[in-house]
Amino acid sequence: MCKKVCTRVIILFFSFLPLIVQAQKVPPVPPPFRVDNLVCEYKINPISVDEAAPRLGWKLITRDRNIQQIAYEIRVGSNAVSLLKGKDLLWTSGKVNSNESLHVYYGGPALASRQKVYWQVRVWNNRQQVTPWSMVNSWKMGLLKPADWSAKWIENNYLSDTTGGPCPMFRKTFKLDHKVRAAHLYITAHGLYEAQFNGKRISSDYFAPGWTSYNKRLQYQVYDVTADLLKGDNAVGVTLGDGWYRGYTYNRKKNVYGTKLGLLFQLEVVYTNGKRILINSDKTWKVAYGPIRSSSFFDGEVYDARKEKKGWSTIAYKDLNWDSVRTIDTVKENLVATFGPPVRKHEMFKPIKVFTTPAGEHVVDFGQNLVGWVQFKLNAKAGDTVKLFHAEVLDQKGNFYTKNLRTAKQENVYVFKGDSVETFEPHFTFQGFRYLKVEGYEGQLDSTNVAAFALYSDMVQTGMFSTSNPLINQLQHNIQWGQKGNFIDVPTDCPQRDERMGWTGDAQAFSRTATFNMDVAGFFTKWLKDLSADQHKNGAVPYVIPNMLDSASAAASGWSDVATIVPWNIYLAYGDKKVLENQYPSMTAWVGYITRHTRNGLWDTGNHFGDWLFYAGTDYEDGAALTDKNLIAQAFYAYSTQLVINAATILGKEDDVKKYTALLADIKKAFQAEYVTPNGRMISGTQTSYVLALNFDLLPENLRESAAKRLVNNIEDYDEHITTGFLGTPYICHVLSRFGHTDIAYDLLMKESYPSWLYPVKNGATTIWERWDGIKPNGTFEDPEMNSFNHYAYGAIGDWMYRVIAGINTDEGSPGFHKINIFPHPGGKLTNANAELETLYGKVKSAWSIDNGIFTLDVIVPPNTTAMVTLPAVDGPVTESNIDINNNKDIANIKPAGGDMQMDVGSGTYQFKYILKTHKKNS
Ligand code: BGC
């Protein structure tokens, strides 16, 4: 049998052989050169743009090497079909000789509110190729003037409508006489809203309209609801919650922005016959309380299912007992389109363990400290009540621990209506937790009836980092989860205790790392607008943004410097010059504020948080790591001034460059006179003190090497432990690397005992802790007043991991990774490290491994960018894709750099191989 079959196969093979040979001879078809990923103001096909001249961007797609854009052409039209034919254009850029593929301004006639336009682009490259016209994308303008809003703000008339009370539900029915061609809903609220059409939630966004400095900037959202509406009768229902608007916040303060919840709703429908009608919030709406008896970010939600109004947002529902609403005349000048990403539901976690604690508590472990909520599907008798409590950790005895939540209850209460299986998840609250304690339900809990969902701003994950060391991988995981849990419309300090505010120091410290992990361009751009809005007239930048603390004019070094640091980091990551343009007045106002608060050139006034949560343990000398707060203030004064100079240079403000350069020289002079001895010893002999002085170039050139050595000595005195707080931590490893001590930086990173980055990891952390010792080496907790297990600031090491271990960096002169520096730094006994970053140009990759002394580096450089690759510790010949680099036409400007080797490459995929010098030495 086999013989027969085998013979047939052989015959078949030979009869096809000529074809196979022929197929092999045909040269491979080059992958097509095209443009894709068209974005307008960072978004794909946005429908609420309020920029008069929106910026457009695209990615070049090709697998060829050395591809540069040399020209582009954009065309914009009001009709997609005509646009494809190149007819009836609103605007064409013509062929523009330029390599710009990001942030290209629309240059056509002014666009009106609601106007939708379609656009395409094509691109020429340096190989005389031109792409076909791209797919057609679009953008739609938002409501640009207050007068575009004909809807009225509506409120209920209930005296009981106050913070912590039931959530009002608003509803209206309406008739659509014709078939709908397009329907757009423009909606916002005082408070949070959740809207439904005909019984169905209109979007997957949560906590809309987001958190902004409401009285100055209140975002509205726009939804295309064409598919949600029916010809004939329709119903709409909107529930409002306290949220950030009037809910309990820091120090149990409430009603920060107002006392009354309100809704603004404008549904614009265009029929297929062209007629346009409006369904607005007005006096015809009705209101009632429903099942949500209270809802608070800090305290959770109380939901009484017996009070549900079944079908309340459908046409069938009878609302005879509902109450009338009132309209109010509130200004609409503060309404702005939404810039950042909405909060959405993301990962789902099933229980990894369900157990009873020694204290007899019924607890579920989801295995990850996350931010969001628990959904359950349970059944019980009508009136039975289940209570869900949330905690980040168990205590030393294994009991449920909530003291570190301070006054935040994080408690969801559900009263059953007595149906078969009741599914519940809350609406206007979120919890920070890994553990769930359930009271009032004795039945079994398992993956069929409880699940945890993570909610966070819908940022695309752009970064990936992994190594051969599982502890470092867990650290990276923790950094990313710290970001997920704390990027909830604004960058918060922590997501669980009674705080959850946009603390500026934390945000600036983590911001550069954030740009590696996820696309945070929109997220931070939006938040910076609130920073500008809340900046005090005298230039002071509040501690928290949006500012809801009483100390409106307070400012602190390292915190308020967020005004210069975040715009700069966004500029570096995304090449976004406009963010610098927009923030420039705020940046200069901040430096102006400091200057006016100096004495003899020293900023030594005011209250500062200093190097917050630095190591102050008892193992060594108590308080030895305490850095003088005024020294820190002067250092950040210099850094902010430097960043203003950088921004002024980029924006072509030459007078300002001169002015601030002179100021910076004085700041540094004053710094040296006050805080540095003539031999370069800092008055605070701490790691943070040397780190800031070196990172911000505050010391004369001739004292820098020795200062770096003193830093190393200090680290060695602490047995290679880190002692920095929030302000020194982001820079310490960078400073060490810059002065040739990457080995010491690795020692710090790899340390597993307290204080170190890996100490929490070894103790089971799944997020970054607020303190180096949230759980002390003896197993007890730090002070519950300040002990969050999800605080991202120390996660700022992530930036060094991407930029130095893997070695992916943007050239500052060509930001947004238009020119890339690839310079991996092997060390720390790692045998490999792999990082990828999806930049606005495309994917950058640097992945290295060491095998038997052979160093292999895989690099991807996206089209329309170039890279300078530095190969570390080269010994002997280097190959790229098995060709000696000296004979490789794709490698240019090869030159030695110390013991390393530098070269320039264009876009494409590369693999370098050589013998690593250090390995040879050691072996
Ligand atoms: C926050 C910090 C914040 C700090 C200011 C704390 O309560 O949680 O992260 O930066 O206050 O000192």
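- By the naming in an unreviewed UniProt entry, the protein chain goes by alpha-L-rhamnosidase and is assigned to Mucilaginibacter rubeus.
- Its UniProt record gives the protein chain a comment under Catalytic activity (unreviewed entry), which states: "Hydrolysis of terminal non-reducing alpha-L-rhamnose residues in alpha-L-rhamnosides."

## Points about the packing of aromatic side chains
No. 1: For the structure shown, the criterion picks out 72 aromatic pairs.
No. 2: Taken together, a centroid distance of 5.2 Å and an interplanar angle of 50 degrees make the contact between Y303 and F424 tilted. Note that Y303 is positioned in strand β20 (residues 300–304) and F424 in strand β31 (residues 422–424), a separation of 121 residues in sequence. Accessibility classification places Y303 together with F424 in one group, the buried group.
No. 3: Consider the rings of F781 and F789, whose centres lie 5.9 Å apart with planes at 70 degrees: the pair is edge-to-face.
No. 4: Judged by its relative accessible area of 1%, F789 is buried.
No. 5: Chaining the aromatic ring pairs together yields one cluster made of W503, Y543, W559, F609, W612, F726, W757, W772 and Y794.
No. 6: Looking at R201, its charged tip hangs above the ring of Y206, at a distance of 4.2 Å from the centre.

## Digging into the site of the ligand
No. 1: All residues adjacent to the ligand are D493, R497, E499, W503, D506, W559, F609, W612, F726, E770, M786 and H791.
No. 2: Side-chain polar atom of R497 to an oxygen atom of the ligand: 2.6 Å apart, as the coordinates give it.
No. 3: Take H791: an N or O atom from its side chain is 2.9 Å from an oxygen atom of the ligand.
No. 4: When the ligand is considered free in solution it has 310 Å² of accessible area, and contact with the protein chains removes 96% of it.
No. 5: Class assignment for the residues of the shell around the ligand results in 6 nonpolar, 1 polar and 5 charged.

## Describing the environment of R65
No. 1: Residue placement: R65 occurs in the loop between β2 (55–61) and β3 (69–77).
No. 2: In sequence terms R65 and P863 are 798 residues apart; their C-alpha atoms lie 7.8 Å from each other.
No. 3: Apart from the residues within four sequence positions on either side, R65 is in contact with R127, E880, S881, N888, D890, S907, G908, T909 and Y910.
No. 4: In this structure the side chain of R65 is engaged in a polar contact, spanning 2.8 Å, whose partner is the side chain of D890.

## A look at the UniProt feature "domain: Bacterial alpha-L-rhamnosidase N-terminal" (unreviewed entry) in the protein chain
No. 1: Feature annotation in UniProt assigns "domain: Bacterial alpha-L-rhamnosidase N-terminal" (unreviewed entry) to the following positions: residues 179–347.
No. 2: Annotated as 2% helix and 47% strand, the span residues 179–347 places its first and last C-alpha atoms 38 Å apart.

## Considering the packing of helix α11 (residues 687–695) against helix α12 (residues 704–717)
No. 1: Contact geometry for α11 and α12: axes closest at 9 Å, N-to-C directions at 155 degrees. Viewed along their axes, α11 and α12 adopt a mutual orientation that is roughly antiparallel. The hand of the α11/α12 crossing is left-handed. Residues Q687, Y690, V691 and L694 of α11 form the contact with α12, whose participating residues are R704, A707, A708, R710, L711, N714 and I715.

## Some words on the sheet that holds strand β45 (residues 891–897)
No. 1: In space, the 5 strands of this open sheet follow the order β37-β38-β42-β46-β45, with mixed pairing throughout. Strands at the two margins of the open sheet, each flanked by one partner only, are β37 (808–810) and β45. Taken over all neighbouring pairs, the strand axes of this sheet differ in orientation by 20 degrees on average, direction set aside.
No. 2: When strand β38 (residues 819–822) meets strand β42 (residues 866–871), the two strands line up parallel, connected through 4 bridges. Bridge assignment links I822 to a residue of β42, and that residue is V869.

## Considerations on the pairing of strand β6 (residues 116–125)
No. 1: Here β6 lies mainly inside the structure; 7 of its 10 residues are buried.
No. 2: Relative to strand β7 (residues 137–140), β6 runs antiparallel, the two being bridged by 4 bridges. Across the sheet, residue W119 finds its bridge partner in β7, namely N137.

## Digging into a negative patch on the surface
No. 1: A contiguous patch of negative charge, built from E716, D717, D743 and D747, is present on the exposed surface.
No. 2: Secondary-structure elements contributing two or more residues to the negative patch are α12 and α14 (742–750).
No. 3: Along the chain, the position of D747 falls in helix α14.
No. 4: Judged by its relative accessible area of 33%, D747 falls in the partly exposed class.

Rules behind the numbers
Residues numbered from 1 in each chain as written. Predicted model: local features only at pLDDT ≥ 70, side-chain atom pairs only at ≥ 80, totals over all residues. Heavy atoms only, no water. UniProt positions renumbered as here; feature names shortened; annotations may be inferred. Phe/Tyr/Trp six-rings, centres within 6.5 Å; stacked < 30°, edge-to-face > 60°. Helix = DSSP H or I, 4+ residues; strand = E, 2+ residues; numbered from the N terminus. Buried < 20%, exposed > 50% of the residue type's maximum accessible area, 1.4 Å probe, protein only. Lys NZ or Arg CZ within 6 Å of the ring centre and 35° of its normal. Near = heavy atom within 4 Å. Polar contact = N/O pair within 3.5 Å; in protein donor to acceptor, adjacent residues only side chain to side chain. Areas by Shrake-Rupley, 256 points an atom, 1.4 Å probe, with all protein chains shown as cover. Nonpolar A, V, L, I, M, F, W, Y, C, P; charged D, E, K, R; others polar. Contact = heavy atoms within 4.5 Å. Axes fitted to C-alpha atoms, helices over the stretch in contact; angles between N-to-C directions. Parallel < 35°, antiparallel > 145°, perpendicular 65-115°, else oblique. Left-handed = near helix turned anticlockwise from the far one by under 90°. Pairing = 2+ DSSP bridges. Patch = residues over 30% accessible without salt bridge, like charges linked within 9 Å, V, L, I, M, F, W, Y side chains within 5 Å. Salt bridge = Lys/Arg side-chain N within 4 Å of Asp/Glu carboxyl O. Lys, Arg positive; Asp, Glu negative; His and termini not counted. Charge placed at Lys NZ, Arg CZ, Asp CG, Glu CD.

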